[in-house]
Structure formats: C-alpha cells, structure tokens
Amino acid sequence: MADAPVHTLFAEDDADDGLLTLRALRKAGVVDGVQWVRDGDEALAVLQASPSGAERVRLVLLDLQMPRLGGFEVLRALKENPRTRDIPVVVFTSSAHESDRERSLALGAAAFVTKPVETAAFERSVRQLVERWLAPAAC
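The paragraphs below set out a description of the structure included in this document. Computed from a predicted structure; not experimentally measured. (Residues numbered from 1 in each chain as written. Predicted model: local features only at pLDDT ≥ 70, side-chain atom pairs only at ≥ 80, totals over all residues. Heavy atoms only, no water.)

Okay, the overall build of the protein next. Of the regular secondary structure elements, the protein holds six helices and five strands. Ordered by position in the sequence, the α and β elements of the protein form the string β-α-β-α-α-β-α-β-α-β-α. Within the protein, residue pairs in contact and separated by at least 24 positions form 68% of the contacts whose partners lie at least 6 positions apart. Surface summary for the protein: the accessible area is close to 6,900 Å², and the carbon and sulfur share equals 51%. (Helix = DSSP H or I, 4+ residues; strand = E, 2+ residues; numbered from the N terminus. Contact = heavy atoms within 4.5 Å. Areas by Shrake-Rupley, 256 points an atom, 1.4 Å probe, with all protein chains shown as cover.)

Set out below in structure tokens:
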C-alpha cells in the first residue's frame, strides 16, 4: 500500500461522515488516490511511510475529533515537520466553534470548513474543496 498513489489523505473516525465524504469526492471527480484513515496515529503513519509518504500526499482533509490522536495534535505534528509542513491541511469538521477555527488556522491549517448537515450542501462543500485544492489533476 505504501507505493499506491495517494494525493488525498482523509482522516475521519465517523463511518457515516467518511462514507458520505468518499461518495462526494467521487461525485466531484476524485476516483483514485484517496486514503481514508480513522485516527490521527494512522494519518501520521501514512505521511511518515518510507520512502516518500509525505511527497505523495497533496492534501489532508482532517477531522478534529478522533480517537487516540486528535486533529489538533495531527495538525501541529504536520506543521512542525519539515517533510510535511507544506502539505495543505483542510480541517473538515462538524465543529462550528469559532475557537476551533481560530486554533486550526493558528496551527497552520490552510482552511477550516464546517461540514454541512444537508447532503446536497455537503456534496457542494466537498466539490469546492476539490476545485480549490486538487484541481486540475484531481483524479
């Protein structure tokens, strides 16, 4: 798996949100290159995989509330590591707390997006993320 092309690392512990996001990514044209991990430890393991885990990833979609290692800790670790600090991290979370947005941006997140509850809005939000962060070579 370490040699498989991964351009989007998606860290999300909630199965429903994960499946909804994967479906929205496919609808937005991202059919390959997405690796879904369910906690922060797994996310860091992918990015630290040898020989070029960090070089393969073009975008990290990061939930904040995850088991073992949470989103803030993952974001801090990514931005402190010279190999991963330039990878854009979009915090994609259910949180609408201004303090979470401010902390995410202060830690180096490229963007903070609150997941919409309504399915069509959720899919629009994911499509906009793809257009902004993965275009033109999304697939």
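For the rest of this paragraph, the subject is the nonpolar core. Counting residues in hydrophobic clusters, the biggest one holds 23 residues, and the most contacted among them are Leu9, Leu47, Val60, Leu62, Val74, Leu75 and Leu78. Of all the elements in the fold, those that place two or more residues in this core are β1 (8-11), α2 (40-47), β3 (59-62), α4 (71-80) and β4 (89-93). When neighbours within four sequence positions are excluded, Leu62 is seen to be in contact with Ala11, Gly71, Val74, Leu75, Val89, Val90, Val91 and Phe92. Val30, Trp36, Leu59 and Trp133 belong to the second-largest nonpolar core, a separate cluster that totals 19 residues. (Core = buried A, V, L, I, M, F, W, Y, C linked by side-chain atoms within 4.5 Å. Buried < 20%, exposed > 50% of the residue type's maximum accessible area, 1.4 Å probe, protein only.)

Here the focus is the sheet that holds β3. On the basis of which strands lie adjacent, the open sheet formed by five strands has the order β2-β1-β3-β4-β5 and parallel pairing. For this open sheet the edge positions go to β2 (34-37) and β5 (111-114), each flanked by a neighbour on one side alone. Each strand axis lies, on average, 20 degrees off the axis of its neighbour in the sheet, ignoring direction. Pairing of β1 with β3, which is carried by four bridges, proceeds in the parallel orientation. Looking across to β3, one finds that Thr8 is bridged to Leu59. (Pairing = 2+ DSSP bridges. Axes fitted to C-alpha atoms, helices over the stretch in contact; angles between N-to-C directions.)

Turning our eyes to something else, we now look at the pairing of β1. Residues of β1 alternate between two faces, with Thr8 and Phe10 on one and Leu9 and Ala11 on the opposite face, all of them buried. Of the pairings in the sheet, the one linking β1 to β2 comprises four bridges and is parallel in character. When the bridges of β2 are listed, Thr8 appears paired with Val34. Following the backbone out of β1, through helix α1 (residues 15-27) and into the adjacent parallel β2, one traces a crossover that is right-handed. (Right-handed = clockwise from strand over helix to strand, strands pointing away.)

A separate point is the packing of α2 against α4. At a minimum axis distance of 9 Å, the contact between α2 and α4 shows a crossing angle of 20 degrees. When the axis of α2 is compared with that of α4, the two are roughly parallel. Two packed elements cross with a definite hand, and for α2 against α4 that hand is right-handed. Facing Gly40, Ala43, Leu44 and Leu47 of α2, the residues of α4 in contact are Val74, Ala77 and Leu78. A breakdown of the residues in the contact of α2 with α4 according to their chemical character gives six nonpolar, one polar and no charged. (Parallel < 35°, antiparallel > 145°, perpendicular 65-115°, else oblique. Left-handed = near helix turned anticlockwise from the far one by under 90°. Nonpolar A, V, L, I, M, F, W, Y, C, P; charged D, E, K, R; others polar.)

We now examine the side chain of Thr93. Here Thr93 is to be found in strand β4. Taking relative accessible area as the criterion, Thr93 reaches 2% and is therefore assigned buried. Among the polar contacts made by the side chain of Thr93, one reaches the main-chain amide nitrogen of Ser95 at a distance of 3.2 Å. In this structure, Thr93 is in contact with Asp63, Leu64, Phe112, Val113, Thr114 and Lys115, ignoring residues within four places of it in sequence. (Polar contact = N/O pair within 3.5 Å; in protein donor to acceptor, adjacent residues only side chain to side chain.)

The pairing of β4 with β5 spans four bridges and is classified as parallel. Its bridge partner being in β5, Phe92 is matched across the sheet by Val113. With helix α5 (residues 98-106) bridging β4 and its parallel neighbour β5, the resulting β-α-β unit is right-handed.

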